[in-house]
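Observations on the model geometry
Given next are the chains, with one letter for each unit.
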Amino acid sequence: MAKKSKAVEGNLVIVESPAKAKTIEKFLGSDFLVKSSYGHIRDLSKSDFGVDIGNGYQPDYIVSSDKKDIVKELKELAANSKMVWLASDEDREGEAIAWHLYDELGLKKENTKRIVFHEITKDAILKAIENPRDIDEDLVNAQQARRILDRLVGFELSPVLWKKVKPSLSAGRVQSVAVRLLVDREREILNFNSVASYRVTAIFMVEDDKGKKTELKSELNKRFDTLEETKSFLEQCINVEFPVTKVEKKPLTKKPAAPFTTSTLQQEASRKLGFSVAQTMSVAQKLYESGKITYMRTDSVNLSEVALSMAAKQISETMGDQYVEIRKYQTKSKGAQEAHEAIRPTYIENQHVEGSSQEQRLYDLIWKRTIASQMSDAKLEKTTIHVDAGDTGYHFTASGEIITFDGFLKVYIESTDVEHEHEEEDDSIIPPLTVGDQLEMKIIEARQRWSQKPSRYTEASLVKKLEELGIGRPSTYAPTISTIQNRGYVVKEEREGVQRDYKYLSLENGVVIVSEKSEITGAERNKMFPTDIGMVVNDFLVKYFDNIVSFDFTAKVEKEFDDIAMGKIEWSQSIDNFYKPFHEKVEDTIEHSEKSVGERHLGVDPVSGQPVLVRIGRFGPLAQIGETSDDEGVEKPRFASLRKGQLIETITLDEALDLFKLPRNLGQFEDKDVVIGIGRFGPYIRHNSKFVSLKKGVDDPFEIDLETSIERILTKREEDAKKTIKIFEEDADLQILDGRWGPFIKYQKGNYKIPKDKVADDLTFEECQEIIKNDTSAKNRKGKTTAKKVVATKEAEKKKPTTTKKATVKKTTAKKSTVKNVSVKKTTAKKS
């Protein structure tokens, strides 16, 4: 109540996050009450798209059910405040939140102010209050246009996919383009023909500046195509001289990278810290809301004059004036707003901050990048030498760099996404050599190498590509990447490499040796792979909705959103230009397109003579033997799910036939069959109606034997026994188990939390029933209803065995009718 009266006397400040509210409250006096809206309070309704298409695409907004209490409280506080300050973020989402609050709370212009700031510091907050402005309707319209267009595309396109590909699928405008990038890259990799060649390297022994013998590594300027050519070259190098024919020294200058934008922060946090895009944004949000960094959704590399002066002072005091070089970077990103600022520490003098380990690591990255951006260039000297290989006509090249002035490298080195497989990068210092020096050859080696296929995208490199194409904006990258993974179109995972044999040649002590070695190649770490369903959906959209997944068209739409934000075009006209032809395409596709399940015929089953094919089924990709037919006399087809890593596009006939070898009956254990199979969650052992998972990466379902399977069964029993705290004689289905988060009650299909004041070992059967009865968690409602019915039935059987059935029927009927009446009332209320 005290807080409420506080607002009556003074000012109400509304932000979108409780953490942000807590930080801002510290900077304002007792005349200000800071409250949070917890994000958006309204969204488009789910009925009729939530958009009145016939009335200029007017949106139908409703307050989210979980925000009704918040809105009620804010209305009361606003009504009793002399001034309401809307202080949501300065981007389009933040402007839209402010507008929705203004509209829903029934605020008046005369006592409502909009304030923005890109850092949460006392000076920034007070300056914003001194310079309020009105809500920017152009920014609101740009956000509204994006939301409405995405709703129209999603709600119209998804039903097409349900009918033509597979039920329960969904499609989005930007997400579909991101999936296309991944599918295109995957096919590029699958169709890539690797070409072999031989890379020749040599190690020479030379004296360094102290007279000590050291190794000089070099590479031949020619790669040979065949083993014979390579062997011939090594043989020619026996007993020849290796004179230095060229020594070239060249000065190099390296410049620091610009301060972080949203996308470059996501990329560097992925490379250096291993953070996902969503994780980076979550941690950055916490740093911003606690006042440690500036606003984290920006495409500007600009730094304010205050920040430049703070950086210069920090560099000068800690490293010296020679390290200071003030730079003003220009943003190249489309639609960027120079009025915004890059991501930087709010107080540059603070090199370290308090917080979680993740917050400290990300802050350290931002601090270093900001400081480095205002430091001097690094000065280097690159030395390159050529060493002739006798009179073969080829020469070896060695190069190295020395830093003459470290400059910004003292603080920060930018990472890249370039991958080098089995290629040694050597930046060693070149010893002092002059033209004419004869070098002592220690060894010449040649290894068979292959041309590298294109790299798969990581989350970071996908963000970089989307930004290059002008697709999406700082606020959309993380949700786009999360959405395509959540929908099952893409998986992010690690894949083990495969063993590859290669030819190895060496010349040492006048002898050429040819041998074969092996290496692991093709290992992938945190890469993004399109799934079968992602590829089939992409192909369908490319065929029938080419503009939706067109890179240029999607970038053009993003540009139109930017123009709406700048007041250049009217938002509803922009949507109308897109929607009308799109809607016609949807209707035409439903009417005239064929069902697309990615079906691919592999051949014929040699046993049955039936055709073998792979396609998308109701539960995902599958192999099928036989044709589907309505005739009763025709044998029904058999089905088997594809294994992890298998693709409809690449699976062979033999691999598909192997899938039908399961389930395998290995024999009996304890008079029960031991069966190996593959289900939706992977390979398993089934024994006595219980399932045991196979050991990942160890057990092959096609090769595992009975003895190993029995070991897995017994191990699982031991693990289950350790988890079991108590089983009740009254009902064996009711158990107390020890789980990951502590003891819990398991009954029927529900798991029930044990109150903190109860000891699991001491609970009685009746106490467990009471806990189940009083549980209110949504996930247990269905299981609890079943449990209550079972318990009630058992009690009724004990008391009145002759009337149980009749009483139960009446009770069920009464329940059903009550629920039905309530549903009708709710629906009527909603409609009215």
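Note that the structure is a prediction, hence the values are computed from the model and not measured. (Residues numbered from 1 in each chain as written. Predicted model: local features only at pLDDT ≥ 70, side-chain atom pairs only at ≥ 80, totals over all residues. Heavy atoms only, no water.)

On to the pattern of salt bridges. Per the counting criterion, the structure on display carries 54 salt bridges. Its salt-bridge partner being Glu558, residue Arg146 comes within 2.6 Å of it at the nearest N-O pair. A residue pair is termed long-range when its members are at least 10 positions apart, and Arg146 in helix H6 (residues 137-164) and Glu558 in helix H16 (residues 551-565) qualify at 412 residues. A salt bridge links Glu219 to Arg223; its shortest N-O distance comes to 3.5 Å. Judged by its relative accessible area of 31%, Arg223 is partly exposed. Each of Glu268, Arg271, Lys272, Arg369 and Glu414 takes part in salt bridges that share partners, so that together they form one network. (Salt bridge = Lys/Arg side-chain N within 4 Å of Asp/Glu carboxyl O. Helix = DSSP H or I, 4+ residues; strand = E, 2+ residues; numbered from the N terminus. Buried < 20%, exposed > 50% of the residue type's maximum accessible area, 1.4 Å probe, protein only.)

Moving on: the packing of helix H7 (residues 173-190) against H16. Following both chains from N to C, one finds H7 and H16 inclined at 150°, their axes separated by 10 Å at the closest point. The hand of the H7/H16 crossing is left-handed. Every residue of H16 that contacts H7 at Arg173, Val174, Val177, Arg180, Leu181 and Asp184 is listed here: Phe551, Thr554, Val557, Glu558 and Phe561. Each residue belonging to the contact of H7 with H16 can be placed in one class, and the counts come to 6 nonpolar, 1 polar and 4 charged. (Axes fitted to C-alpha atoms, helices over the stretch in contact; angles between N-to-C directions. Left-handed = near helix turned anticlockwise from the far one by under 90°. Contact = heavy atoms within 4.5 Å. Nonpolar A, V, L, I, M, F, W, Y, C, P; charged D, E, K, R; others polar.)

Here the focus is the sheet that holds strand E8 (residues 112-114). If you trace the 4 strands from one edge of the open sheet to the other, you get E2-E1-E7-E8, paired in parallel fashion. Both outer strands of the open sheet, strand E2 (32-36) and E8, are each paired with one neighbouring strand and no more. In this sheet, neighbouring strand axes are inclined to one another by 20° on average, regardless of whether the strands run parallel or antiparallel. Against the sheet, helix H3 (residues 68-79) makes contact with strand E1 (11-15), E2 and strand E7 (83-86), and its axis sits at roughly 160° relative to E2, the strand it touches most. (Pairing = 2+ DSSP bridges.)

Turning our attention to the confidence of the model for the protein chain. With 89% of its residues at a pLDDT of 70 or more, the protein chain shows a mean pLDDT of 86. Confidence drops under a pLDDT of 50 for residues 798-832, and excluding neighbours within four residues, the segment shows 4 contacts in the predicted structure. (pLDDT = per-residue confidence, 0-100.)

Here helix H9 (residues 262-273) is 12 residues long and its end C-alpha atoms lie 16 Å apart, about the 16 Å a rise of 1.5 Å per residue gives. When H9 is considered as a whole, its buried residues turn out to be Thr262, Ser263, Leu265, Gln266, Gln267, Glu268, Ala269 and Leu273. At its buried positions, H9 is contacted by helix H10 (277-289), helix H12 (357-373), helix H13 (459-468) and helix H14 (477-486). Within two residues after H9, Gly274 carries a phi angle of roughly 75°, on the positive side. (Expected span 1.5 Å × (residues − 1).)

With that out of the way, let us pick up empty space enclosed by the protein. Summed over all chains, the structure comprises 3 cavities of 30 Å³ or more. When its volume is computed, the second largest cavity comes out at roughly 50 Å³. Ranked by residues supplied to the lining of the second largest cavity, first place goes to helix H15 (residues 532-544) with 3 residues. Taken together, the residues of the lining of the second largest cavity break down into 5 nonpolar, 3 polar and no charged. (1 Å grid on protein atoms, 1.4 Å probe; cavity = no way out; pocket = protein on both sides within 12 Å on 5 of 7 lines; lining within 4 Å. Points joined across faces, edges and corners; volume = space filled by probe spheres on them.)

In this model, Leu662 is joined to Pro663 through a cis peptide bond whose omega is 0°. Here Pro663 is to be found in the loop between helix H18 (653-659) and strand E23 (664-669). One non-glycine residue with positive phi stands out, namely Tyr57, at about 60°. Here Tyr57 shows up in the loop between strand E4 (51-52) and strand E5 (58-59).

This part takes up the side chain of Gln175. Within the secondary structure, Gln175 sits in helix H7. Among the residues examined, Gln175 registers a relative accessible area of 18% and is labelled buried. Setting aside chain neighbours within four positions, we find Gln175 in contact with Thr480, Thr483, Ile484 and Arg487.

As a further point, take the nonpolar core. Judged by nonpolar contacts, the single largest core of 129 residues is most densely connected at Phe117, Leu161, Ile293, Leu362, Leu462, Phe545 and Phe582. It is H6 that contributes the most residues to this core, 10 residues altogether. Beyond its immediate chain neighbours, meaning those up to four positions away, Leu161 contacts Lys166, Leu169, Ser170, Ala171, Tyr489, Val537, Phe540 and Leu541. Formed by 25 residues, the second largest nonpolar core is a distinct cluster that contains Ala202, Val206, Val387 and Leu505. (Core = buried A, V, L, I, M, F, W, Y, C linked by side-chain atoms within 4.5 Å.)

Read across the sheet, 4 strands follow the order E27-E28-E29-E30 without closing on themselves; strand pairing throughout is antiparallel. Of all the strands in the sheet, the pair left with one neighbour each is strand E27 (724-728) and strand E30 (750-753). Adjacent strand axes in the sheet meet at a mean angle of 25°, parallel and antiparallel pairs treated alike. Of the pairings in the sheet, the one linking strand E28 (residues 731-739) to strand E29 (residues 742-747) comprises 5 bridges and is antiparallel in character. Residue pairing in the sheet places Ile736 in a bridge with Ile745 of E29. Packing of helix H19 (residues 706-723) onto the sheet brings it into contact with E27 and E28, and relative to E27 it is tilted by some 80°. Strands E27, E28, E29 and E30 of the sheet are contacted by helix H20 (residues 765-774), whose axis makes an angle of about 75° with E28.

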